[in-house]
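# An overview of the molecular structure
Each chain is listed here by its residues.
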Amino acid sequence: MSSILKLVRRALIALWVMLLVGLVLLVAGAHVAPLVGRDIYIIRGGSMSPFVPLGSLVIDDRPAPADIRPGDIVTVRLHDAVVVTHRVVRVAELPAGLYLELKGDANAASDPALVPASNVAGRVVAFAPVAGFILAMLSLSTGLIAALSMLASLFLAIWLLENLEGDLGRQERLTGPVVGTGQPA
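Right, let's walk through the structure included here. All values derive from a computational prediction rather than experimental measurement.

### Regarding the overall build of the protein chain
The helix and strand inventory of the protein chain stands at three helices and seven strands. Listed by position from the N terminus, the elements making up the protein chain come as α-β-β-β-β-β-β-β-α-α. Taken over C-alpha atoms, the radius of gyration comes to 26 Å for the protein chain, far larger than the 16 Å a tight globule of 185 residues would show. Taking the principal axes of its C-alpha atoms as reference, the protein chain extends roughly 90 × 35 × 25 Å. The burial tally for the protein chain puts 30% of its 185 residues in the buried class. For the protein chain, the accessible surface area stands at approximately 11,500 Å², while carbon and sulfur atoms represent 67% of it. Positive and negative side-chain charges in the protein chain, numbering 14 and 14 respectively, have mean positions lying 6 Å apart.

### Points about the nonpolar core
Grouped together as the largest cluster of nonpolar side chains are ten residues: I68, V74, V76, V84, V88, L100, L102, V115, A117 and V120. Sequence-distant contacts of V76, defined by excluding residues within four places in its chain, comprise V82, V83, V84, L102, V115, N119, V120 and A121. Counting eight residues, the second-largest nonpolar core is a separate cluster that includes Y41, I43, M48 and V58.

### Digging into the packing of aromatic side chains
Aromatic ring pairs are described here by two measures, namely the spacing of the ring centres and the angle between the planes. Scanning the model with the defined rule gives two aromatic pairs in all. With a centroid separation of 5.9 Å and an interplanar angle of 45°, the aromatic rings of W16 and F155 are classed as tilted. Of the two residues, W16 sits in helix α1 (residues 2-32) while F155 sits in helix α3 (residues 141-175), which places them 139 residues apart along the sequence. Residue F155 is classed as exposed on the basis of its relative accessible area of 51%. Across the ring face of F51, the terminal group of R87 is positioned such that the distance to the ring centre comes to 5.3 Å.

### Considerations on the pattern of salt bridges
If charged atoms from side chains of opposite charge come close, those side chains can pair. Scanning all chains against the criterion turns up seven salt bridges. Here D39 makes a salt bridge to R62, at a shortest N to O gap of 2.7 Å. With a gap of 23 residues between them, D39 in strand β1 (residues 39-42) and R62 in the loop between β2 (57-61) and β3 (73-77) connect regions that are remote in the sequence. Ionic pairing is found between E101 and R90, a salt bridge with its closest N-O pair at 2.7 Å. Of the two residues, E101 is situated in strand β5 (residues 97-103) and R90 in strand β4 (residues 83-94); the sequence distance between them amounts to eleven residues. Residue classification places E101 among the buried positions, given a relative accessible area of 16%. When salt bridges with common partners are traced through the structure, they connect R9, E162 and E165 into a single cluster.

### A closer look at the environment of D72
Examined against the element boundaries, D72 turns out to sit in the loop between β2 and β3. Taking relative accessible area as the criterion, D72 reaches 18% and is therefore assigned buried. Dropping the residues within four chain positions of it, D72 is found in contact with D67, H86, R87, V88 and R123. Within the structure, D72 has its side chain in polar contact with the backbone nitrogen of R69 (distance 2.9 Å). At 3.5 Å, the side chain of D72 forms a polar contact with the side chain of R123.

The rules behind the values
Residues numbered from 1 in each chain as written. Predicted model: local features only at pLDDT ≥ 70, side-chain atom pairs only at ≥ 80, totals over all residues. Heavy atoms only, no water. Helix = DSSP H or I, 4+ residues; strand = E, 2+ residues; numbered from the N terminus. Rg over C-alpha atoms; globule rule 2.2 N^0.38 Å. Buried < 20%, exposed > 50% of the residue type's maximum accessible area, 1.4 Å probe, protein only. Areas by Shrake-Rupley, 256 points an atom, 1.4 Å probe, with all protein chains shown as cover. Lys, Arg positive; Asp, Glu negative; His and termini not counted. Charge placed at Lys NZ, Arg CZ, Asp CG, Glu CD. Core = buried A, V, L, I, M, F, W, Y, C linked by side-chain atoms within 4.5 Å. Contact = heavy atoms within 4.5 Å. Phe/Tyr/Trp six-rings, centres within 6.5 Å; stacked < 30°, edge-to-face > 60°. Lys NZ or Arg CZ within 6 Å of the ring centre and 35° of its normal. Salt bridge = Lys/Arg side-chain N within 4 Å of Asp/Glu carboxyl O. Polar contact = N/O pair within 3.5 Å; in protein donor to acceptor, adjacent residues only side chain to side chain.

Take a look at the structure:
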């Protein structure tokens, strides 16, 4: 019984450490990204599924408009302050300047209007599925409390298992190990 408790306790410690490190890296990365010339966005719609799923965290660089090519996934700011991340289908050189035809991977048709290349906020260089959901949750006080409560609960479970292991170890030293005879009681 003691070896099973030890195994469970070690697994919980590993889970606790992974969760803590993951949360710290996610929050730190979100704060460091703008300092190194990257922007982060949370995908709040399903138009880029399945390639970039809903709830993903995307990391964008800031390309020159002339460096944008068909196939690139870009984040653009539209005239109504909406931010959209879609794939570039076509780059058009018009008299008014460089324009992009965009399309979400899950959409049947391209977006209804061409977007000026100057509206590009960034080009997606990486994304992490689910990380956007977690970062959005941590930005709320209730989400932060939930994450801290989860870590505290795991820590409490580890502590309780450690105490139980100690109690069982003391009991074994006092009474000797329990050895089965193979006979039913």
